[in-house]
Protein chains: 2
Amino acid sequence: GGEIGGAVRGWSLVDAVSVRLGDTPVCEQVCQWVAPEELESLLELELPDTGESEVRLLQHCRQVIRYSVNTAHPRFFNQLFAGLDYHALVGRFITETLNTSQYTYEISPVFVLMEDVVLKKLRELIGWMTGDGIFCPGGSMSNMFAINLARHRLYPHVKQRGLWVVPRLVIFTSEEGHYSLTKGAAFLGLGTDNVWTVKTDGRFVPVDVSDTETNLLHACLSLSGAVPLMVSATAGTTILGAFDPLAEIADVCQQHGVWLHVDAAWGGGALLSKRHRHLLAGIERADSVTWNPHKMLMAGLQCSAFLLKDQTDLLGSAHAAGARYLFQTDRCYQPRYDTGDRSVQCGRRVDCLKLWLMWKAIGTRGLRDRVNRAFACTRYLVTEMHKRDGFRLLMEPQFVNVCFWYIPPCLRGGEETPDFWQQLGRVAPLVKQRMVVKGSMMVGYQPHGKHVNFFRQILISPQVTREDLDFFLDEIERLGSDFQPM
Amino acid sequence: GGEIGGAVRGWSLVDAVSVRLGDTPVCEQVCQWVAPEELESLLELELPDTGESEVRLLQHCRQVIRYSVNTAHPRFFNQLFAGLDYHALVGRFITETLNTSQYTYEISPVFVLMEDVVLKKLRELIGWMTGDGIFCPGGSMSNMFAINLARHRLYPHVKQRGLWVVPRLVIFTSEEGHYSLTKGAAFLGLGTDNVWTVKTDGRFVPVDVSDTETNLLHACLSLSGAVPLMVSATAGTTILGAFDPLAEIADVCQQHGVWLHVDAAWGGGALLSKRHRHLLAGIERADSVTWNPHKMLMAGLQCSAFLLKDQTDLLGSAHAAGARYLFQTDRCYQPRYDTGDRSVQCGRRVDCLKLWLMWKAIGTRGLRDRVNRAFACTRYLVTEMHKRDGFRLLMEPQFVNVCFWYIPPCLRGGEETPDFWQQLGRVAPLVKQRMVVKGSMMVGYQPHGKHVNFFRQILISPQVTREDLDFFLDEIERLGSDFQPM
């Protein structure tokens, strides 16, 4: 019975994977640009009635790899993830092979225990000797967990009766906060209008937090009958890598008894560094923290920890449904090891092994060195930018986000009129398009607030060298220096 | 610069993975039971300051694998997933290696196009020539997407203003519906009280749907001022594998203009089989469908499709936040290829490749054969059960869930008093405990409604032979025949 030979046939394809294994030489392309319509026909994506030959399957795998972006390339600076840790990757292969779900000790004994240890370690870096936590499918979900737990602590009967039995609830975040707060407010029934944004100064750090937030909280209480639910401070904003002043915000929250969430999905990595963890001073006063080790720590997508100071099993009381088919109470071990009911998911991927194995391999020191190295490389890049004409920073980086305009020769030296800015806003898309077609490197750009399109360079991978950074600046100049105003 | 040798050092660990690769001989243990406290010390989980040696890391990997449950073992019947498809596994290894996020064409060109093709194929099997969809991190999330889209269609301003501006919303599902509906109602702010369960008959199929549901809808409208939001019918219930009569439920929904969601997370696989797809007759009349190919189709955890009849980009209008740093509109391709904003997640794992590659390898016919084979094996098991004393079915299986009591000799032949049932309820936990300690096989049990603990055997993997099923029955007898009443 069964399908004999599936394993043998399947495994011959592992060859294909090896195309992308090992460190990428910088001479290779980061991406191979093909327009959607053309790529669609190149890939032969249609699903057949009858299975295809091994030779064809291998061709498919190679095409998939060939036309995918090489995010492990040392010249990939495009997202808040980059590089590839090979120990983590082995952990990911083992995870896939073991194919289990992180909900009961019965079915996931190793990972129930391991998740606990990994989350404990992350909490210790925050400064919590006790607490709780769970891995979520991404930082947006972790932020939503924060909203739901804040709601559950304030009004536990909402779980049963819905939002109709409580006043309107308001979430505060800075205008630099991640959009998942807005998405979460919509999804959880609070409404996007009830996310109130706190203004920031030119450096994108909230101005005079105590004043601003106190005013907002008061306004909220007195003018509209709404209740402040939580403040979500950001440690490492998505675009500019800025850190909200957590200690000051914690004072405001403490004064008003409001849940403090810190979205450190991106900036959490800095906690590893003795030199740089001051950026997150006060994080230990938060009620909850989102921290994505798949970003700066390179654990691989996805690995997002939702961490909690609470010791009253708020995760359980907010989320549990007590399904007896899955969570039995007459097993030969204590039910507290069946941790799955504390999530809103049922089946849940194992996200701890990759981080655990990497940590075992390079230790806390290895992770710290990587973080410090990323800061140092960022400093090098900024210094080199200052030496060149045509590179202008939006702000001195607090973190490893380098946000800058490249001003091509034809736009230099004149008055900075509205037309100048409008022309400048066309530079980044042009350079990016040329870069992608050439495949030489990848870096993101975006408009932001009152600012026209600028580049955001992100530095994470320990594979990035000074040569790569020099190349980065040279390449921007090569691709953009002939820009002509329209 | 960088960390030279990380790749080489990491890759030597791939050896460890091979411990679990290839088909598992049945003589191996399915699991190696160790109590949590003991396992904790065996695994040496603590995260060190300094990285460990390659030899130690390899030991760690082997321990992780050794003490994990072998869900690919042909005698693993414990969950709604089992077995291991090696083509899918290669797809998963490639996915991990490429380490990208499924949100923009820029960063995920192949997978943006591939997701579209795979979802289209799943929709075709439902009977939809057009429509929409997205992969979610698990069936519970897919069901939550259904709730949110139903809400958004009915009251689009909830997204902005919150649930306070609309009447109480009620979700209907049968008492056999999955608990994620309840979790979802809590998480999305509707409240668990507003999930109204429809009673089922002895066969766990809703009795007289049109009457019951019409009554419920009327009650809801007239007695409490609440508004019916959606009906979630189940195609393949979690415990009993029962199918709600979708066509009849569709009539009710159509009559009342209520969103019909079909939770086919488990039963969707039957759509592949011409012989068995009648179980889901009427599914094409649904507004949305949840279907988890990581279950019966063996794509690997997780792979959950949320499928939608809608063609008005309801996913986009319900979920989009329009973050310009990620979703630019001045790129060199059309913005519709940046599909990520249609999710509530930001970063999103690539879940399409594993299913796509498996489908390419064995074709629709190969998948159909597997599904038919699982039905046939189930039929064989049930026939064999009827031949033996001591096996009593809860119901004749509609699907591949075989729910049964094993009645040990000492409990046979007498009157079935309350004491009899109480004693019988102790049998499954005892047998399960002995089974797990022995490691010979794994099958789940649970109490359910008025029924005391019974086994639920799930048949998925094409590796399962008739010999395995004979062994299954023999082993239950071996482990349970000496049961003594307390």
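Because the structure is predicted, anything quoted here is derived from the model rather than measured. Along each chain, the written sequence defines residue order, and numbers are assigned to residues from 1. Following the order in which they are written, the chains are lettered starting with A and the ligands numbered starting with 1. Local features in this predicted model are restricted to residues whose pLDDT is 70 or higher, and side-chain atom pairs enter the listing and the counts only when it is 80 or higher, whereas totals over whole chains, interfaces and linings include all residues. To obtain the side-chain values, all non-hydrogen atoms of the structure were used and water was disregarded.

Participant: I'm lost on the overall build of chain A in this one. Help?
Facilitator: By definition, any uninterrupted DSSP run of H or I lasting at least four residues is a helix, any uninterrupted run of E lasting at least two residues is a strand, and each is numbered from the N terminus. When its secondary structure is counted, chain A shows 16 helices and 12 strands. At 24 Å, chain A has a C-alpha radius of gyration in line with the 23 Å of a compact globule built from 486 residues. Projected onto its principal axes, the C-alpha positions of chain A cover 70 × 70 × 45 Å. When a residue's accessible area, from a 1.4 Å probe over protein chains only, is under 20% of the maximum for its type it is buried; when over 50% it is exposed; and in between it is partly exposed. Burial analysis of chain A (486 residues in total) assigns 68% to the buried set. Entry remark: accessible area of chain A is about 15,900 Å², with carbon and sulfur atoms responsible for 51%. Charge counting follows a simple rule: Lys and Arg are positive, Asp and Glu are negative, and His as well as the terminal groups are ignored. In plain terms, the charge of a residue is placed at NZ if it is Lys, CZ if Arg, CG if Asp and CD if Glu. In chain A, 49 side chains carry a positive charge and 52 a negative one; their mean positions are 4 Å apart. As defined in this context, the radius of gyration uses C-alpha atoms, and a globule is described by 2.2 Å times the residue total to the power 0.38. To measure how exposed things are, a 1.4 Å probe is used in the Shrake-Rupley method; for residues, cover is taken only from the protein chains shown.

Participant: It is not clear to me how the sheet that holds strand 6 (residues 259-263) of chain A should be interpreted in this structure. Could you clarify?
Facilitator: Hydrogen bonds between backbone atoms are what pair the strands of a sheet, whose relative direction is either parallel or antiparallel. Residues and elements named next belong to chain A. When DSSP finds at least two bridges between two strands, those strands are taken to pair. With respect to topology, 7 strands assemble into an open sheet ordered 2-8-7-6-5-3-4, the strand pairing being mixed. Each edge of the open sheet is held by one strand with a lone partner, namely strand 2 (132-136) and strand 4 (195-198). Strand-to-strand, the axes of this sheet are offset by a mean angle of 20 degrees, without reference to chain direction. Sheet topology note: the strand 2/strand 8 (residues 304-308) ladder contains 5 bridges and is antiparallel. Bridge pairing in strand 8 places F135 opposite A305. Axis geometry follows a simple rule: fit a line to the C-alpha atoms, using only the stretch in contact for helices, then measure angles between N-to-C directions, giving values from 0 to 180 degrees.

Participant: Where do I start with the relation of the copies chain A and chain B in this structure?
Facilitator: Note: a rotation about an axis with an accompanying shift along it relates these two copies of the chain. Here the copies are matched by least squares. The fit uses the C-alpha atoms of residues with pLDDT of at least 70 in both. Least-squares fitting of chain A to chain B yields an RMSD of 0.0 Å, with the transformation described by 0.0 Å of translation along the axis and a rotation of 180 degrees. The relationship between the two copies is best expressed as a two-fold rotation axis. Distance from the rotation axis, computed per C-alpha, reaches its smallest value in chain A at A:L188: 2.0 Å. What makes two residues a contact is simply this: any of their non-hydrogen atoms within 4.5 Å. By residue overlap, the copies meet face to face through one surface: 100% of the interface positions of chain A are interface positions in chain B.

Participant: Quick question: what am I supposed to make of the domain arrangement of chain A here?
Facilitator: Residues and elements named next belong to chain A. What marks off one domain from the next here is an automatic or database domain assignment. When the domains of chain A are assigned, the result is domain 1 (14-31 + 69-98 + 351-485) and domain 2 (101-349). Each of domain 1 and domain 2 has a C-alpha centre, and these two points are 28 Å apart. Listed by partner, the interface residues are 42 residues for domain 1 and 43 residues for domain 2. When the two sides are added together, the surface that domain 1 and domain 2 hide from each other amounts to roughly 3,900 Å², 70% of it contributed by carbon and sulfur. Defined here as a combined quantity, buried area equals the accessible surface (1.4 Å probe) lost by two parts on assembly, summed across both. When the area that domain 1 buries against domain 2 is broken down by residue, the three leading residues are D351, Q398 and F399, summing to 19%.

Participant: Honestly, the packing of helix 6 (residues 109-126) of chain B against helix 13 (residues 353-387) of chain B in this entry has me stumped. Any pointers?
Facilitator: Each pair of packed helices gets described by two things: the angle between the helix axes and the distance between those axes. All names here are of chain B. With their axes 9 Å apart at the nearest point, helix 6 and helix 13 run at an angle of 55 degrees to one another. With respect to their mutual orientation, helix 6 and helix 13 come out oblique. Seen along the crossing, helix 6 lies across helix 13 with a hand that is left-handed. Where helix 6 abuts helix 13, its residues F111, M114, V118, K121, L122 and L125 lie against L353, L355, W356, W359 and T364. Roughly parallel covers angles under 35 degrees, roughly antiparallel covers those over 145, roughly perpendicular covers 65 to 115, and oblique covers all other angles. Helix crossings are classified by the rotation of the near helix relative to the far one: an anticlockwise turn of less than a right angle makes the crossing left-handed, while a clockwise turn makes it right-handed.

Participant: Even after reading the chapter, I still don't get the side chain of A:S142, so can you show me in this structure?
Facilitator: All names here are of chain A. Inspection of the secondary structure assignment puts S142 in helix 7 (residues 139-154). For S142, a relative accessible area of 0% corresponds to the buried category. With residues up to four places along the chain from it excluded, the contact list for S142 reads C136, T290, S304, A305 and F306.

Participant: Looking at this structure, how should I read the pattern of salt bridges?
Facilitator: If charged atoms from side chains of opposite charge come close, those side chains can pair. In the sections that follow, a salt bridge refers to a side-chain nitrogen of Lys or Arg positioned within 4 Å of a carboxyl oxygen of Asp or Glu. Taken as a whole, this structure holds 54 salt bridges over all chains when the rule is applied. With a closest N to O distance of 2.8 Å, B:K183 and A:D341 form a salt bridge. You can see B:K183 sitting in helix 9 (residues 180-187) and its partner A:D341 sitting in the loop between helix 12 (314-319) and helix 13 (353-387), one on each of two chains. There is no split in this pair, since B:K183 and A:D341 are both buried. Across the pair B:E475 and B:R478 runs a salt bridge whose closest N-O atoms are separated by 2.8 Å. Note that B:E475 and B:R478 are positioned in helix 15 (residues 466-480) at a spacing of 3 residues, about one turn of the helix. Exposure remark for B:E475: the relative accessible area of 0% places this residue in the buried category.

Participant: When you look at unusual backbone geometry in this model, what are you seeing that I'm missing?
Facilitator: A negative phi angle is the norm for most residues apart from glycine, just as the trans form is the norm for most peptide bonds. Residues and elements named next belong to chain A. Going from L301 to Q302, the amide bond is cis rather than trans, its omega being -5 degrees. By secondary structure assignment, the location of Q302 is in the loop between strand 7 (288-291) and strand 8. For M298, which is not glycine, the phi torsion reads 60 degrees and is therefore positive. Structurally, the position occupied by M298 is in the loop between strand 7 and strand 8.

Participant: Even after reading the chapter, I still don't get the UniProt feature "modified residue: N6-(pyridoxal phosphate)lysine" (unreviewed entry) in chain A, so can you show me in this structure?
Facilitator: Residues and elements named next belong to chain A. UniProt records the feature "modified residue: N6-(pyridoxal phosphate)lysine" (unreviewed entry) at K295, using the numbering of this structure. As for its position among the elements, K295 is in the loop between strand 7 and strand 8. Overall, K295 belongs to the buried group, its relative accessible area being 15%. In this structure K295 touches L80, A265, W266 and I460, once residues within four positions along its chain are discounted. UniProt positions are given in the numbering used here, feature names are shortened, and annotations may be inferred rather than shown by experiment.

Participant: Which parts of the structure should I look at to understand the interface of chain A and chain B?
Facilitator: It is common to give the size of an interface as the accessible area that goes away when the parts come together. Taken residue by residue, the interface counts 156 residues in chain A and 156 residues in chain B. Between chain A and chain B, a total of about 13,900 Å² is buried, with carbon and sulfur atoms accounting for 62% of that surface. There are 10 salt bridges connecting chain A and chain B. The closest approach of N and O atoms between B:E96 and A:R92, which form a salt bridge, is 2.5 Å. Under this definition, polar contacts are N or O atom pairs within 3.5 Å; protein pairs additionally need one hydrogen-donor-capable and one acceptor-capable atom, and for neighbouring residues in sequence, both atoms have to be side-chain atoms. The interface formed by chain A and chain B contains 73 residue pairs in polar contact (both at pLDDT 80 or more). At 12 residues, the largest contribution of residues to the side of chain A that touches chain B is made by helix 13 of chain A.

Participant: Would you take a moment to explain the nonpolar core for this structure?
Facilitator: Side chains that are nonpolar tend, in soluble globular proteins, to be buried together. Throughout this description, the term nonpolar core refers to a set of buried Ala, Val, Leu, Ile, Met, Phe, Trp, Tyr and Cys residues connected via side-chain atoms within 4.5 Å. A:M114, A:L280, A:V289, A:F472 and A:I476 are the most contacted members of the largest nonpolar core, which totals 141 residues. Discounting chain neighbours no more than four positions away, the residues touching A:V289 are A:I126, A:W128, A:H261, A:V262, A:A264, A:I283, A:A305, A:F306 and A:L307. By size, the runner-up hydrophobic cluster in this structure holds 140 residues, among which are A:I107, B:L260, B:F420 and B:L424.

Participant: Help me understand the environment of A:Y337, please; the structure alone is not making it clear to me.
Facilitator: Mapped onto the fold, A:Y337 is located in the loop between helix 12 and helix 13. For the pair A:Y337 and A:G83, spaced 254 residues apart in sequence, the C-alpha to C-alpha distance is 34 Å. Apart from the residues lying within four places of it in its own chain, the contact partners of A:Y337 are A:T104, A:Y105, A:V112, A:L113, B:P36 and B:E37.

Participant: Explain the confidence of the model for chain A to me, please; I cannot follow it from the model alone.
Facilitator: Low-pLDDT portions of the prediction should not be read for the details of their coordinates. Residue-level confidence of the predictor is summarised by pLDDT, bounded by 0 at the bottom and 100 at the top. Taken over all residues, the pLDDT of chain A has a mean of 92, while the share at 70 or more is 91%. With a pTM of 0.96, the predicted complex shows an ipTM of 0.96.

Participant: I'm lost on the packing of aromatic side chains in this one. Help?
Facilitator: The geometry of an aromatic ring pair is captured by the separation of the ring centres together with the interplanar angle, meaning the angle of the planes. All names here are of chain A. Working definition: a ring pair exists when centres of Phe, Tyr or Trp rings (six-membered ring for Trp) sit within 6.5 Å. Plane angles under 30 degrees give stacked, over 60 give edge-to-face, the rest tilted. Scanning the model with the defined rule gives 42 aromatic pairs over all chains in all. Among the aromatic residues, ring-to-ring pairing joins F77, F391, F404, Y406, F455 and F472 into one connected group. The cationic tip of R75 hangs over the ring face of F471; the distance from NZ or CZ to the ring centre is 3.8 Å. In this scheme, the term charge over a ring applies when either NZ of a lysine or CZ of an arginine sits within 6 Å of the ring centre and within 35 degrees of the ring normal.

Participant: I'm lost on the sheet that holds strand 12 (residues 451-458) of chain B in this one. Help?
Facilitator: Residues and elements named next belong to chain B. Strand order across the open sheet formed by 5 strands is 1-11-12-10-9, with mixed pairing between neighbours. Looking at strand neighbours, the two that pair on one side only are strand 1 (76-77) and strand 9 (391-393), the edges of this open sheet. Where strand 9 meets strand 10 (residues 401-406), 3 bridges bridge the pair, whose relative direction is antiparallel. By the bridge assignment, F391 is partnered in strand 10 with Y406. Lying over the sheet, helix 13 contacts strand 9, strand 10 and strand 12, oriented at roughly 20 degrees with respect to strand 10. Sitting on the sheet, helix 15 is in contact with strand 1, strand 9, strand 10, strand 11 (442-448) and strand 12, with an inclination near 25 degrees to strand 10.

Participant: It is not clear to me how helix 11 (residues 246-256) of chain B should be interpreted in this structure. Could you clarify?
Facilitator: Side chains three or four residues apart in an α-helix point the same way, a direct result of the helix having 3.6 residues per turn. Residue and element names in this part refer to chain B. Listed as buried for helix 11 are L246, I249, A250, V252 and C253. Buried residues along helix 11 cover an arc of 160 degrees about the axis, so they all sit on one side. Along helix 11, exposed side chains directed more than 90 degrees from the buried face belong to Q254 and Q255. A positive phi of about 65 degrees marks G257, the residue just after helix 11. The directions considered for the arc run from the helix axis to the C-beta atoms.

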